[in-house]
Amino acid sequence: MSRPRPLDCPAEQSNAPSLGPCWTEAVTLVLREGDEVQGVRDPTSVGSAFGRSPRSFREVTAVKLRVRADELALPTSPTIAFRFTQLAALFVWTLQGSPDLSRLPLYAERGAPFATASGRSDGAFGFRMLQPVNQLRAAITLLQRDPSTRRAMIVLGNDRDVTRLPRDYPCATSIQFMLRGDGLRTFVHMRSQSVFNLFLYDASLFMLLQRYVAARLGVSPSTYAHIANSLHIYSDELDKAKRVVSSAPPMEVPLPEFSTHASGCSSLLRVADVITGHDMNVLGPTVLDDLESGTLEHFLAATLAYGWLRTGRSTGRNDQLLTGLASTVQSDYGLAAAMEWEGYHSA
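The rules behind these values
Residues numbered from 1 in each chain as written. Predicted model: local features only at pLDDT ≥ 70, side-chain atom pairs only at ≥ 80, totals over all residues. Heavy atoms only, no water. Helix = DSSP H or I, 4+ residues; strand = E, 2+ residues; numbered from the N terminus. Contact = heavy atoms within 4.5 Å. Areas by Shrake-Rupley, 256 points an atom, 1.4 Å probe, with all protein chains shown as cover. Pairing = 2+ DSSP bridges. Phe/Tyr/Trp six-rings, centres within 6.5 Å; stacked < 30°, edge-to-face > 60°. Buried < 20%, exposed > 50% of the residue type's maximum accessible area, 1.4 Å probe, protein only. Lys NZ or Arg CZ within 6 Å of the ring centre and 35° of its normal. Axes fitted to C-alpha atoms, helices over the stretch in contact; angles between N-to-C directions. Parallel < 35°, antiparallel > 145°, perpendicular 65-115°, else oblique. Nonpolar A, V, L, I, M, F, W, Y, C, P; charged D, E, K, R; others polar. Left-handed = near helix turned anticlockwise from the far one by under 90°. Core = buried A, V, L, I, M, F, W, Y, C linked by side-chain atoms within 4.5 Å. Salt bridge = Lys/Arg side-chain N within 4 Å of Asp/Glu carboxyl O. Expected span 1.5 Å × (residues − 1).

On to the overall build of the chain. Helix and strand content of the chain: 13 helices and 10 strands. Taking contacts inside the chain between residues at least 6 apart in sequence as the whole, the part at least 24 apart equals 72%. If you sum the accessible surface of the chain, you get close to 15,400 Å²; carbon and sulfur atoms cover 52% of it.

Have a look at this one:
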C-alpha cells in the first residue's frame, strides 16, 4: 500500500526554475521513493488496460510540484515522448470547449481509448471548463472585479464521475487563479497524475492557460503549482523512465507570450478549424494579421499547421497560406530539431 506523506515534506516538493527540471525531479522522486501498488481492476480505467490486464505502478502520494512561470520553456529531446504539435492541438481543443475528438486530429490517437463510440470525450478539460457554463470567463471576471478573490476556481469534476465511472474520468479536478504581488499564481489539483508520459502535457496545457488568463488581465504569470494526490509511474514504464532521467538533460525551447488582444486567440481558433476541415472557407489576410508574429498565438498556429501539413494532409485552398505559416516554426521559433524528433521532416 502507498504511504501518505505530508505536503511539507521537502522530498515530496519541487520548486523548479522551469518545467523540464520539474519533470525530471518528479520522475526521479517516484523512482526513488515510490511504493509498489497493485494495478486497479476497474474496467473503465486505463490503469487496468480497460479491463484487459491490471497495470501495477509505483506511487508517491500528496505531492506538490511548483514551477516558476514568469517565463515558459518546454523541454524537448529524442528520448522524451512529448510533441509540440499535440500540445498545440490540445490547447486549441481546450479553448474550443468541445468534447468531439474530430476537432483534435493531431491528438486524437491519444484520446480515442477514452472516448465513447460516437467519438465524444465528455471528461475533456475544455468541455468541463466551458460547458454548460463558461467557468473560465467567470473566473477572469471575478479577478477583474476583486483582485484579492480566492474564488476564481474552475471545477472539472462532478458527481457523475463517481457514480458512472466513465472512461474519461478527468485526472484534474480543479484549477484556481490568484492575483498576488508577483502576478497571477495558478494551482491545479490532480486526483491522479501519470508522471512519465502525461505530466508534461498536463502541466504545459495548464501553464498555457495561466498565460492566457494573465494576458486577459494584463498581468504577468507568476508561479505554477501542480498538486497530485497520486503521482505514479506504471511498472511497464519504469525501465524507460530510468533510462530517460539518466540521459543528458533535455534542451528547452522558450515560448513567446500571448498577445493582449483577444483577436489573436480568435484567429488561432479559426486557423485550427480550417486545418481540421471544420471551416471550409478561404482564410482572409486579416486572420494572419491578427496572428501577430512573435506571439504565442502565432507560435501555436504555426505548430498546428506544420504538424498537419507534414502528415501529408491537405486543406485545399488554404495550403499555400498555411505552408507559409508553418515555415515560421523553424525560421522564427527554432523548432527544427524538435520537429525532427517528432517525426516531421522538412519538405
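Here we take up unusual backbone geometry. In the segment running from Gln-131 into Pro-132, the intervening peptide bond is cis, with an omega of -5°. Note on placement: Pro-132 falls in the loop between helix H4 (125-130) and helix H5 (135-145). A positive phi is found at Ala-62, a non-glycine position, where the angle reads about 55°.

Right, let's get into the pairing of strand E7 (residues 183-190). Bridge count between strand E6 (residues 172-180) and E7: eight bridges; the pairing is antiparallel. Counted as the bridge partner of Arg-180 is Gly-183 from E7. Between E6 and E7, which pair antiparallel in sequence order, lie two residues.

Time to look at the packing of aromatic side chains. Following the criterion strictly, the structure yields eight aromatic pairs and no others. Centre to centre, the rings of Trp-23 and Phe-196 are 6.1 Å apart; their planes meet at 25°, and the pair counts as stacked. On the criterion of sequence distance, the pair formed by Trp-23 in helix H1 (residues 19-33) and Phe-196 in the loop between strand E8 (193-194) and helix H7 (199-217) is long-range, its members being 173 residues apart. Given a relative accessible area of 8%, Phe-196 falls into the buried group. Ring pairs connect the aromatic residues Phe-82, Phe-84, Tyr-201 and Phe-299, which therefore count as one cluster. When the ring centre of Tyr-234 is taken as reference, the NZ or CZ atom of Arg-55 above it lies at 3.8 Å. Here the basic side chain of Arg-191 rests over the ring of Tyr-169, its NZ or CZ set 4.3 Å away from the ring centre.

Contact geometry of helix H9 (residues 263-276) with helix H11 (residues 296-310) gives a least axis separation of 9 Å together with a crossing angle of 5°. By the angle class used here, H9 and H11 are roughly parallel. Of H11, the residues touching H9 (which contributes Gly-264, Cys-265, Leu-268, Val-271, Ala-272, Ile-275 and Thr-276) are Glu-297, Leu-300, Ala-301, Leu-304, Ala-305 and Trp-308. Taken together, the residues of the contact of H9 with H11 break down into 10 nonpolar, two polar and one charged.

Where helix H2 (residues 84-96) meets H11, the closest approach of the two axes is 9 Å, and the angle between their N-to-C directions is 120°. By the angle between their axes, H2 is oblique relative to H11. Crossing hand, H2 versus H11: left-handed. Judged by residue contacts, Phe-84, Thr-85, Ala-88, Ala-89, Phe-91 and Val-92 of H2 engage Phe-299, Leu-300, Thr-303, Leu-304 and Gly-307 from H11. Among the residues forming the contact of H2 with H11, the class breakdown is eight nonpolar, three polar and no charged.

With that out of the way, let us pick up the nonpolar core. If you look at the biggest cluster of nonpolar residues, it comprises 97 residues, and the most contacted ones within it are Leu-136 and Phe-177. Of the residues forming this core, the biggest block, 14 residues, is contributed by H7. Once you skip the residues sitting within four places of it in the chain, Phe-177 turns out to touch Ala-139, Leu-143, Ala-152, Ile-154, Leu-184, Arg-185, Thr-186, Leu-209, Gln-210 and Val-213.

Attention now goes to the pattern of salt bridges. Tallying each qualifying case throughout the model produces nine salt bridges. For Arg-68, the salt bridge is made with Asp-70, and the minimal N-O distance between the two is 2.6 Å. The exposure class assigned to Arg-68 is partly exposed, which follows from its relative accessible area of 46%. Here Arg-120 makes a salt bridge to Asp-122, at a shortest N to O gap of 2.6 Å. One salt-bridge network, held together by shared partners, links Arg-55, Asp-236 and Glu-237.

Another point: H2. Here H2 spans 18 Å end to end across 13 residues, near enough to the 18 Å set by a 1.5 Å rise per residue. Where burial is concerned, most of H2 is hidden: 13 out of the 13 residues are buried. With its phi angle positive at about 65°, Gly-97 sits one or two positions after the end of H2.

A word on the environment of Glu-292. Mapped onto the fold, Glu-292 is located in the loop between helix H10 (285-290) and H11. Taking C-alpha positions, Glu-292 is 9.6 Å from Phe-258, a pair spaced 34 residues apart along the chain.

A word on the side chain of Ser-121. With respect to the helices and strands, the residue Ser-121 is situated in the loop between helix H3 (108-111) and H4. With near-sequence residues (within four places) excluded, Ser-121 lies in contact with Trp-93, Pro-99 and Asp-168.

Okay, H7 next. For H7, spanning 19 residues, the distance from its first C-alpha to its last is 27 Å, which sits close to the expected 27 Å at 1.5 Å a residue. In terms of burial, H7 is a largely internal element, 19 of the 19 residues being buried.

Attention shifts here to the environment of Leu-65. In this fold, Leu-65 is placed in strand E3 (residues 57-68). Taking the relative accessible area as the measure of exposure, Leu-65 reaches 2% and is therefore buried. For Leu-65 and Val-188, which are 123 residues apart along the polypeptide, the C-alpha to C-alpha distance reads 10.0 Å.

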